Amino acid sequence: MRRYPDSRVEIQGLSARYYDLLLDVASLGTYRSFINNAIASIGIGPDDKILDLGAGTGRNALLMSRFLGGNGRIVGMEISDEMIKRFRQKTKGFSNIELMTTRIDEPFDLGQRFDKAFISFVIHGFPHSVRETIIQSVYHNLSEGGEFIILDYNEFALEKAPFWIRLPFRVLECKYAFDFIQRNWKKILTEFNFGNFVEKTFMMNYIRLLKAKKMTSKQ
Ligand SMILES: C[S@@+](CC[C@H](N)C(=O)[O-])C[C@H]1O[C@@H](n2cnc3c(N)ncnc32)[C@H](O)[C@@H]1O
């Protein structure tokens, strides 16, 4: 049962089962190198404890795990039955990757603190008040100086984008994504006490990896 009928990030059934394949085909094979580059740009350290919010099929967790040493860990959060099944199949045998079936759209405390919280193509698909709840939970579950990493659409004016961006965006995306691209995300994150932003853009600047550090009151 979907909680946000207007959203397109609550992915279930066949779309979830073939999610990775659909992305590869729809991007004419370019998604693979894009996601490899994006994850390499996170700057994962061997001992990092990483939270992956809306972890999907486990593809990103596996890519991130390549940068981890013996003490590093990844905890995925996911609620779609089909995605959970995929994630568990894909990451079987990786003792440093685990999955929690905890919702990210409600306040959560996982009882441990993370060095990095990664959210890839999820946060754009929620109403803004829910995004704020997610940001607050991320802040709470990060260690001091931990990083929040958002891989998602960049900020851009849709009406100024070329038709081959405008058209698929209008057809495929939900109303929350239209709102997401118009907001000033560094300003929003600053209001939640994140700072020291570092960003890298992909796909002709329409996609951005935005890293934000958890600041303490002294910084
Ligand atoms: C567009 S997919 C992105 C998956 C993955 N992050 C990636 O980049 O491949 C969005 C994911 O968020 C998950 N999701 C949606 N709402 C969620 C919620 N409230 N709590 C946890 N996961 C959620 C979906 O099941 C889906 O796997």
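Residues numbered from 1 in each chain as written. Predicted model: local features only at pLDDT ≥ 70, side-chain atom pairs only at ≥ 80, totals over all residues.

A. Just the overall build of the chain, in detail. When you go through the chain residue by residue, the secondary structure sums to 9 helices and 7 strands. Taken over C-alpha atoms, the radius of gyration comes to 17 Å for the chain, in line with the 17 Å a tight globule of 219 residues would show. By its C-alpha atoms, the chain is 45 × 40 × 35 Å across when sized along the principal axes. For the chain, with 219 residues in total, the buried portion stands at 34%. Of the contacts formed within the chain by residues at least 6 apart in sequence, a portion of 71% connects residues at least 24 apart. (Helix = DSSP H or I, 4+ residues; strand = E, 2+ residues; numbered from the N terminus. Rg over C-alpha atoms; globule rule 2.2 N^0.38 Å. Buried ≥ 20, exposed ≤ 12 C-beta atoms within 10 Å, placed from the backbone. Contact = placed C-beta atoms within 7 Å.)

B. Fine view of the environment of I135. Mapped onto the fold, I135 is located in helix 6 (residues 128-141). Dropping the residues within four chain positions of it, I135 is found in contact with L189 and F192.

C. A look at the site of the ligand. Taken together, the neighbourhood of the ligand is formed by 19 residues, with G54, G56, S80, D105 and S120 sitting nearest. The residue makeup of the shell around the ligand, split by class, is 9 nonpolar, 5 polar and 5 charged. (Near = placed C-beta within 6 Å. Nonpolar A, V, L, I, M, F, W, Y, C, P; charged D, E, K, R; others polar.)

D. Quick peek at the pairing of strand 1 (residues 49-53). With 5 of 5 residues buried, strand 1 is to be regarded as a mostly interior element. Burial of strand 1 is two-sided: the residues K49, L51 and L53 facing one way and the residues I50 and D52 facing the other way are all buried. Alignment of strand 1 against strand 2 (residues 73-77), held across 5 bridges, turns out to be parallel. Bridging across to strand 2, K49 finds its partner in R73. You can see the chain leave strand 1, run along helix 4 (residues 59-65) and come back into strand 2, and the turn it takes is right-handed. Pairing of strand 1 with strand 4 (residues 114-120) involves 4 bridges; the strand directions are parallel. Bridge pairing in strand 4 links L53 to I119. (Pairing = 2+ DSSP bridges. Right-handed = clockwise from strand over helix to strand, strands pointing away.)

E. Representation of unusual backbone geometry in the model. At L28, a residue that is not glycine, the phi angle is positive and equals roughly 55°. Mapped onto the fold, L28 is located in the loop between helix 2 (19-26) and helix 3 (30-40).

F. Geometry of the pairing of strand 7 (residues 207-214). Where strand 5 (residues 142-153) meets strand 7, 7 bridges bridge the pair, whose relative direction is antiparallel. In the strand pairing of strand 7, E147 is matched with K213. The sheet contact formed by strand 6 (residues 194-202) and strand 7 spans 7 bridges and is antiparallel. Residue pairing across strands places F194 opposite K214, the latter belonging to strand 7. What sits between the antiparallel neighbours strand 6 and strand 7 is a turn of 4 residues, in which M203 has the positive phi angle 45°.

G. View of the sheet that holds strand 4. If you trace the 7 strands from one edge of the open sheet to the other, you get 3-2-1-4-5-7-6, paired in mixed fashion. Only two strands of the sheet have a single partner each, and these edge strands are strand 3 (97-100) and strand 6. When the angles between neighbouring strand axes are averaged without regard to direction, this sheet yields 20°. (Axes fitted to C-alpha atoms, helices over the stretch in contact; angles between N-to-C directions.)

H. Layout of the nonpolar core. Among the nonpolar cores identified, the biggest contains 47 residues, and L51, L53, A117, F148 and I149 are the most heavily contacted of them. Looking at this core, the element that brings in the most residues is strand 5, giving 6 residues. Ignoring sequence-local partners within four residues, the contact set of L53 consists of M77, I104, A117, I119, V122 and I134. (Core = buried A, V, L, I, M, F, W, Y, C linked by C-beta atoms within 7 Å.)

I. Structural view of the environment of I39. When you line up the elements, I39 lands in helix 3. Taking the C-beta count within 10 Å as the criterion, I39 has 22 such neighbours and is therefore assigned buried. Beyond its immediate chain neighbours, meaning those up to four positions away, I39 contacts N60, L63 and M64.

J. The arrangement of helix 5 (residues 81-91) in detail. Residues of helix 5 that are buried: M83, I84, R86, F87 and T91. For helix 5, the buried positions fall inside an angular range of 165° around the axis, keeping them on one side. Facing away from the buried side of helix 5 by more than 90 degrees, the exposed set consists of D81 and Q89. In this structure, the buried side of helix 5 is in contact with helix 1 (13-17), helix 4, strand 2 and strand 3. Phi for G93, located one or two positions after helix 5, is positive at around 90°. (Arc of directions from axis to C-beta.)

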